[in-house]
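The lines below spell out each chain.
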Amino acid sequence: MRLGIRLLDNVTSYNSYRVVDELSLIKGNSGYLYFQVISIIEGCDEGELRYIPTDTAEINIKFLHIDSNKEITRAAEKAFPDEDRSIWRVEIQSGDEIAPDSIYATMTDGGTTQRLIFTSTLRTTVTDTKRFYC
Amino acid sequence: MSIDLKDAKRNIGSVFPEKAIDAAPGFERVEPLITPKMFVSRFFEGIPLISPITKKKITQKELKDYLKRGMAIAEADTKIDIAPVFRRHRLPFDPNLYHKFIHLEIPNKPIQKVNRLAICAASYQFTENEDDEYPAGAEIYKLPNQWIDMAHATRGILNVNPLNPAFSAIGTQTAVAASGATILQFIGQMGWVPGYWVVECLHGFCSEDGNVPVVVNELVGMKAALLLISNLIPQYQIVSQSLSLDGLGQSVTNQAYQLLQIKQQQLMLDYKEMKNTIKTMTGNNFLIGNV
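Residues numbered from 1 in each chain as written. Chains lettered and ligands numbered in written order. Predicted model: local features only at pLDDT ≥ 70, side-chain atom pairs only at ≥ 80, totals over all residues. Heavy atoms only, no water.

### A short note on the packing of helix 1 (residues 36–43) of chain B against helix 2 (residues 60–78) of chain B
All names here are of chain B. The line we're drawing: As a rule, the C-alpha atoms of each element are fitted with a line to give its axis, helices using only the stretch in contact, and angles between N-to-C directions run from 0 to 180 degrees. We count a stretch as a helix when DSSP gives it H or I for four or more residues in a row; a strand needs E for two or more, and each element gets its number in order from the N terminus. By the definition adopted for this analysis, an angle is roughly parallel if under 35 degrees, roughly antiparallel if over 145, roughly perpendicular if from 65 to 115, and oblique otherwise. Residue contacts are counted whenever heavy atoms from the two residues lie within 4.5 Å of one another. In this count, Pro and Cys sit with the nonpolar residues alongside Ala, Val, Leu, Ile, Met, Phe, Trp and Tyr, while Asp, Glu, Lys and Arg are called charged and the others, Gly among them, polar.
At a minimum axis separation of 9 Å, helix 1 and helix 2 run at an interaxial angle of 80°. One finds that helix 1 runs roughly perpendicular with respect to helix 2. Contacts from Pro36, Phe39 and Val40 in helix 1 reach Gln60, Leu63, Lys64 and Leu67 in helix 2. Along the lines of polarity and charge, the residues of the contact of helix 1 with helix 2 split into five nonpolar, one polar and one charged.

### Considerations on the nonpolar core
As a rule of thumb, nonpolar side chains are buried together in soluble globular proteins. Our working definition: Nine residue types can take part in a nonpolar core, namely buried Ala, Val, Leu, Ile, Met, Phe, Trp, Tyr and Cys, and a core is a set of them joined through side-chain atoms within 4.5 Å. Think of it in three bands: with a 1.4 Å probe and only protein chains considered, a residue is buried below 20% of the maximum accessible area for its type, exposed above 50%, and partly exposed in between.
If you look at the biggest cluster of nonpolar residues, it comprises 41 residues, and the most contacted ones within it are Phe39(B), Phe43(B), Phe44(B), Val220(B) and Leu228(B). Of all the secondary structure elements, the ones that give two or more residues to this core are helix 1, helix 2, helix 6 (214–232) and helix 7 (255–281) of chain B. Broken down by element, the residue count for this core peaks at 11 residues, all from helix 6 of chain B. Residues contacting Phe39(B), with those up to four places away along its chain left out, are Ile34(B), Phe44(B), Leu63(B), Leu67(B), Gly221(B), Ala224(B), Ala225(B) and Leu228(B). Ranked by size, the runner-up nonpolar core spans 25 residues in total, among them Ile5(A), Leu23(A), Phe35(A) and Ile59(A).

### Comments concerning the layout of surface pockets
Rules: With a 1 Å grid laid over protein atoms only, a set of points is called a cavity when a 1.4 Å probe fits there but cannot get out and a pocket when it is open yet has protein on both sides within 12 Å along at least five of seven lines; lining residues have an atom within 4 Å of a point. Grid points are joined across faces, edges and corners, and a volume is the space filled by probe spheres set on the points.
Taken as a whole, the largest pocket holds about 1100 Å³ of empty space. Lining the largest pocket we find 42 residues, and of these Asp101(A), Phe118(A), Thr119(A), Ser120(A) and Lys64(B) sit closest to its centre. Mapped onto the lining of the largest pocket, the elements with two or more residues apiece are strand 1 (2–13), strand 4 (31–40), strand 10 (103–109) and strand 11 (112–118) of chain A together with helix 2 of chain B. In terms of residue count, the dominant contributor to the lining of the largest pocket is helix 2 of chain B (six residues). Among the residues making up the lining of the largest pocket, the classes are represented as 20 nonpolar, nine polar and 13 charged.

### A few points about the interface of chain A and chain B
Where we set the bar: Buried area: the sum, over both parts, of the accessible surface (1.4 Å probe) that disappears when the two are put together. Salt bridges are defined as contacts in which a side-chain nitrogen from Lys or Arg sits within 4 Å of a carboxyl oxygen from Asp or Glu. Within 3.5 Å is the distance limit for a polar contact, defined as a pair of N or O atoms, with the added protein rule that one can donate a hydrogen and the other accept it, and that residues adjacent in sequence qualify only through two side-chain atoms.
At the interface, 28 residues of chain A touch 43 residues of chain B. Where chain A abuts chain B, roughly 2700 Å² becomes buried across the two surfaces, and 52% of that area is made up of carbon and sulfur atoms. For the pair chain A and chain B, the interface holds one salt bridge. A salt bridge links Asp101(A) to Lys64(B), with the shortest nitrogen-to-oxygen separation between them at 3.9 Å. Counting the contacts that link chain A with chain B gives 10 residue pairs in polar contact (both at pLDDT 80 or more). Broken down by element, the residue count for the side of chain A that touches chain B peaks at four residues, all from strand 12 (residues 121–125) of chain A. Class assignment for the residues of the side of chain A that touches chain B results in eight nonpolar, eight polar and 12 charged.

### Some remarks on the pairing of strand 2 (residues 16–19) of chain A
Short version of the rule: Note: two strands are recorded as paired if DSSP finds a minimum of 2 bridges between them.
Relative to strand 2 of chain A, strand 1 of chain A is paired through three bridges, and the arrangement is antiparallel. For Leu8(A), the partnering residue across the bridge sits in strand 2 of chain A and is Val19(A).

### Observations concerning a negative patch on the surface
How we decide: For patch building, the residue pool is restricted to those with more than 30% relative accessible area and no salt bridge; the joining distance is 9 Å between like charges and 5 Å between nonpolar side chains (Val, Leu, Ile, Met, Phe, Trp, Tyr). Surface accessibility in these figures is a Shrake-Rupley result with a 1.4 Å probe; residues are shielded only by whichever protein chains are displayed. As used throughout, the charge tally considers Lys and Arg to be positive and Asp and Glu to be negative, leaving His and the chain termini uncounted. Note that the charge is assigned to NZ on lysines, CZ on arginines, CG on aspartates and CD on glutamates.
On the surface, a cluster of negative charge is made up of Glu128(B), Glu130(B), Asp131(B), Asp132(B) and Glu133(B). Relative to the assigned elements, Glu128(B) resides in the loop between strand 5 (111–120) and strand 6 (139–143).

### Section: the environment of Phe35(A)
All names here are of chain A. Here Phe35 is to be found in strand 4. Along the sequence, Phe35 and Trp88 sit 53 residues apart, while their C-alpha atoms lie 5.5 Å from each other. Excluding anything up to four places from it in sequence, Phe35 contacts Ile5, Arg6, Leu7, Leu8, Ile59, Ile61, Ala76, Ser86, Ile87, Trp88, Arg89 and Val90.

### Focus: the side chain of Asn217(B)
Residues and elements named next belong to chain B. Mapped onto the elements of the fold, Asn217 is located in helix 6. The class of Asn217 is buried, set by a relative accessible area of 0%. Side-chain polar atoms of Asn217 contact the backbone oxygen of Pro32, separated by 2.9 Å. Beyond its immediate sequence surroundings of up to four residues, Asn217 is in contact with Glu31, Pro32, Leu33, Ile34, Met38, Arg42 and Val212.

### Some points on the confidence of the model for chain B
The following threshold applies: Residue-level confidence of the predictor is what pLDDT reports, using numbers from 0 through 100.
Per-residue confidence for chain B gives a mean pLDDT of 84; residues scoring 70 or more make up 86%. Segment residues 166–180 of chain B: pLDDT under 50, and 32 contacts once partners within four positions in sequence are set aside and those in other chains are kept.

### Some remarks on helix 1 of chain B
For clarity, the cut-off: This arc is taken over the directions from the axis of the helix to the C-beta atoms.
Taken as a whole, helix 1 of chain B has its buried residues at Pro36(B), Phe39(B) and Phe43(B). Down the axis of helix 1 of chain B, the sector holding all buried residues measures 60°, keeping them to one side. Contact partners of the buried residues in helix 1 of chain B: strand 3 (22–26) and strand 12 of chain A together with helix 2, helix 6 and helix 7 of chain B.

### Notes on helix 6 of chain B
Let me state the cut-off plainly: By this rule the span expected of a helix is its residue count minus one, scaled by 1.5 Å.
The end-to-end C-alpha distance of helix 6 of chain B is 26 Å, a good match for the 27 Å that 19 residues give at a rise of 1.5 Å each. The buried fraction of helix 6 of chain B amounts to 14 of the 19 residues, a majority that puts the element mostly inside the structure.

Given below as structure tokens:
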């Protein structure tokens, strides 16, 4: 079975969220990045099934970066542990520098660790003077 | 594998616009790398992306794949790096260029940062990175990063300046063989040596947080659009039909097919121009002729 993660937006409860293909973070803002664990079915582009890991599952998110000093590794947490274990979130801090599509996720469940395929598009929007030169 | 760029020598100004250290607000030249949504809105606004045969709408995943291909081809066509790439160059020793402030021509452009400039041996044996995927070779002498002149780094040229302190200082790394000022003093007497300098650079138009110049996004989008259109056009089996009977006639042409054809022709011209523009920005465009 191949598992992946897709990004969620406007998450207010386990029944109120939006599945998005693209998400843009604002550099310098802090908050949470929500995502859902899914089961990737070959040949099915839309409506992949959500996958619910066990109670003891752990997901680690690594934001890859070409500069090792800017790589970030964080443990994700279940957003709604009692109602929907497929929805997780990872903290984003104001000093984080997140490169595009840089998520590397692994899940450890029942003693097995597997990589989760990132299926969405993630970008970072800068709002300071770095919009005018790079 | 990530690299520790904490002590890397930074460029004197930005890569785009070249050597900028500040810019007036209000004119955004730089934006996040093109996404499928931006791609559709810029190149296919109002054009249905539906297969005429299967009636299936193109998906986000497929659009992302077109963009990936477009970016790869654009990089190959322009011979520049769009996303950051960390490279290790092994350059020859040329006595003439050596005496010109150790003039080094790096084949890939633009250069954002230089992490290391050193004299290295060919052997990997007994070095700390011997078992790495791409080992570097025994380091004989490492030049301090402060001495590297980044004046023309965007165009792929590095120098060592000032030269006198370089001769009087001692190499900063443990040596396998002779090190220090002595080596720099007598290597000027040497002839050509292939594979002498090791230069490790961060290349790319893309800043480390993923922003690219708008013109680069245009180039990638144009190429991806050409790939998409070249996939769609052959699927139109009937592009026009006409009927005539006793002097009366009617002709119907498929509008979408015509539209895509015109768009394809325009995109081909625009892509060629944009490619040359970007190559000129990094000095990759050459005009050669006979006089």
